[in-house]
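# Tertiary structure, described
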Amino acid sequence: MSAHCQLTGSKPGFGNNISHSHRRTSRRFDPNVQRKRYWLPGEGRYVRLTLSARAIKTVDSIGIEAAVARIRARGGKV
């Protein structure tokens, strides 16, 4: 599963691990992405979304219908 949020669009960031001797090796900062299932009453079906923890809180506040509308406005498939 790719570490990509469907609602906010957050993706992994990249940086370096720096050791005690100051050697640098590349690393990846993944967002906290979870797969979550929601009931979509307008379509009478469940949808499974890949959301970051922040996006789950956003869905709780704006509702699943508005969140799905935002995902579709970004060009995402639901």
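Structure's up top.
Residues numbered from 1 in each chain as written. Predicted model: local features only at pLDDT ≥ 70, side-chain atom pairs only at ≥ 80, totals over all residues. Heavy atoms only, no water.

## Points about the side chain of S52
As for its position among the elements, S52 is in strand β4 (residues 45-52). Filtering out sequence-adjacent residues up to four positions away, S52 remains in contact with C5, T8, S10, N32 and V33. (Helix = DSSP H or I, 4+ residues; strand = E, 2+ residues; numbered from the N terminus. Contact = heavy atoms within 4.5 Å.)

## Brief notes about the pattern of salt bridges
Within the structure shown, the criterion is met by three salt bridges. Ionic pairing is found between D30 and R28, a salt bridge with its closest N-O pair at 2.8 Å. The exposure class of R28 is partly exposed, given its relative accessible area of 43%. When salt bridges that share partners are traced, they join E43, R45 and R72 into one network. (Salt bridge = Lys/Arg side-chain N within 4 Å of Asp/Glu carboxyl O. Buried < 20%, exposed > 50% of the residue type's maximum accessible area, 1.4 Å probe, protein only.)

## Observations concerning the packing of aromatic side chains
A full pass over the atoms with the stated rule returns one aromatic pair. With 5.0 Å between their ring centres and 70° between their planes, W39 and Y46 make a pair best called edge-to-face. Taking relative accessible area as the criterion, W39 reaches 42% and is therefore assigned partly exposed. You can call Y46 partly exposed: its relative accessible area is 44%. Here the basic side chain of K36 rests over the ring of Y38, its NZ or CZ set 5.4 Å away from the ring centre. Over the face of the ring belonging to Y46 we find R37, whose NZ or CZ atom lies 3.8 Å from the ring centre. (Phe/Tyr/Trp six-rings, centres within 6.5 Å; stacked < 30°, edge-to-face > 60°. Lys NZ or Arg CZ within 6 Å of the ring centre and 35° of its normal.)

## Let's talk about the pairing of strand β1 (residues 13-18)
Strand residues, when the strand is regular, have side chains that alternate between the two faces of the sheet. Alignment of β1 against strand β2 (residues 24-29), held across six bridges, turns out to be antiparallel. Opposite G13, over in β2, you have F29 as the bridge partner. Adjacent in sequence and paired antiparallel, β1 and β2 are bridged by five residues, among which H22 carries a positive phi angle near 70°. (Pairing = 2+ DSSP bridges.)

## Describing helix α2 (residues 64-73)
Among the residues of α2, I64, A67, V68 and I71 are the ones counted as buried. Projection of α2 onto a plane perpendicular to its axis shows the buried side chains occupying an angular sector of 100°, all on one side. Elements that come into contact with the buried residues of α2 comprise β3 (33-40), β4 and α1 (53-62). Immediately downstream of α2, the backbone of G75 shows phi near 95°, a positive value. (Arc of directions from axis to C-beta.)

None of this, on its own, says anything about what the molecule does.
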